[in-house]
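Chains, contacts and geometry: an overview
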Amino acid sequence: MNYKFNQNKACEFFPCHKMENLEEFSCMFCYCPLYMLGKECGGNFKYTAGGIKDCSNCILPHIKDVGYDHIQKKMLHVIECVRNEHLRDIGEEDKIINLK
Ligand code: SF4
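Residues numbered from 1 in each chain as written. Predicted model: local features only at pLDDT ≥ 70, side-chain atom pairs only at ≥ 80, totals over all residues. Heavy atoms only, no water.

All right, on to the overall build of the protein chain then. A count of helical and extended segments in the protein chain gives one helix and two strands. Relative to its full complement of 100 residues, the protein chain shows a buried share of 27%. In the protein chain, the proportion of contacts linking residues at least 24 apart, taken out of those at least 6 apart, comes to 41%. Within the protein chain, the 14 negative side-chain charges are centred at a point lying 4 Å from the centre of the 13 positive side-chain charges. (Helix = DSSP H or I, 4+ residues; strand = E, 2+ residues; numbered from the N terminus. Buried < 20%, exposed > 50% of the residue type's maximum accessible area, 1.4 Å probe, protein only. Contact = heavy atoms within 4.5 Å. Lys, Arg positive; Asp, Glu negative; His and termini not counted. Charge placed at Lys NZ, Arg CZ, Asp CG, Glu CD.)

Here you go:
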């Protein structure tokens, strides 16, 4: 499915992560949208001494189909986080729901 995959071999950094089958390497999520989920992103990362997530060993967002489906599922959690933050800001904590 084309909406789940694109690849840019002309990119100066391609492939930015080591992967066996480069034909399956997806560039769709070049900057992972799950960074903000911290340890709940589901990927293989470690924290640097300065507290930055180092995702150099994570190929999850780049695996054709698998990465797309994983990120779509996790985006429900991102939506929940933003919604709950807003509800807290406006004093409507009673409407907070947990989509997990
Ligand atoms: S690249 Fe991997 S480890 Fe980094 S935020 Fe995304 S899923 Fe998590």
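On we go from here.
On to helix α1 (residues 66-89), then. With 24 residues, α1 extends 35 Å between its outermost C-alpha atoms, agreeing within 8% with the 34 Å of an ideal straight helix rising 1.5 Å per residue. Looking only at α1, the buried set comprises Gly67, Tyr68, His70, Ile71, His77, Val78, Glu80, Asn84 and Leu87. Where α1 ends, the next residue or the one after it, Gly91, has phi of about 75 degrees, a positive value. (Expected span 1.5 Å × (residues − 1).)

Let us look at the site of the ligand. For the ligand, the full set of nearby residues is Cys32, Leu34, Tyr35, Cys41, Gly43, Asn44, Phe45, Lys53, Cys55, Cys58 and Pro61. Split by residue class, the shell around the ligand holds eight nonpolar, two polar and one charged. (Near = heavy atom within 4 Å. Nonpolar A, V, L, I, M, F, W, Y, C, P; charged D, E, K, R; others polar.)

On to the side chain of Glu80. Considering the arrangement of structural elements, one finds Glu80 in helix α1. Within polar-contact distance, the side chain of Glu80 engages the side chain of His77 at 2.7 Å. (Polar contact = N/O pair within 3.5 Å; in protein donor to acceptor, adjacent residues only side chain to side chain.)

Let us look at the nonpolar core. Grouped together as the largest cluster of nonpolar side chains are seven residues: Phe29, Leu34, Leu37, Cys41, Tyr68, Ile71 and Val78. For Tyr68, the contacting residues outside a window of four places in its chain are Tyr3, Lys4, Met28, Phe29 and Ile63. (Core = buried A, V, L, I, M, F, W, Y, C linked by side-chain atoms within 4.5 Å.)

Under the criterion given, the structure shown has three salt bridges. With its nearest N and O atoms 3.0 Å apart, the salt bridge here joins Asp69 to Lys4. Taken as a pair, Asp69 in helix α1 and Lys4 in the segment before β1 (46-47) lie far apart in primary sequence, 65 residues in all. For Glu23, the salt bridge goes to Lys9, with nearest N and O atoms at 3.1 Å. Of this pair, Glu23 sits in the segment before β1 while Lys9 sits in the segment before β1, and the two are 14 residues apart along the sequence. (Salt bridge = Lys/Arg side-chain N within 4 Å of Asp/Glu carboxyl O.)

As far as function goes, none of this settles anything; it's purely spatial.
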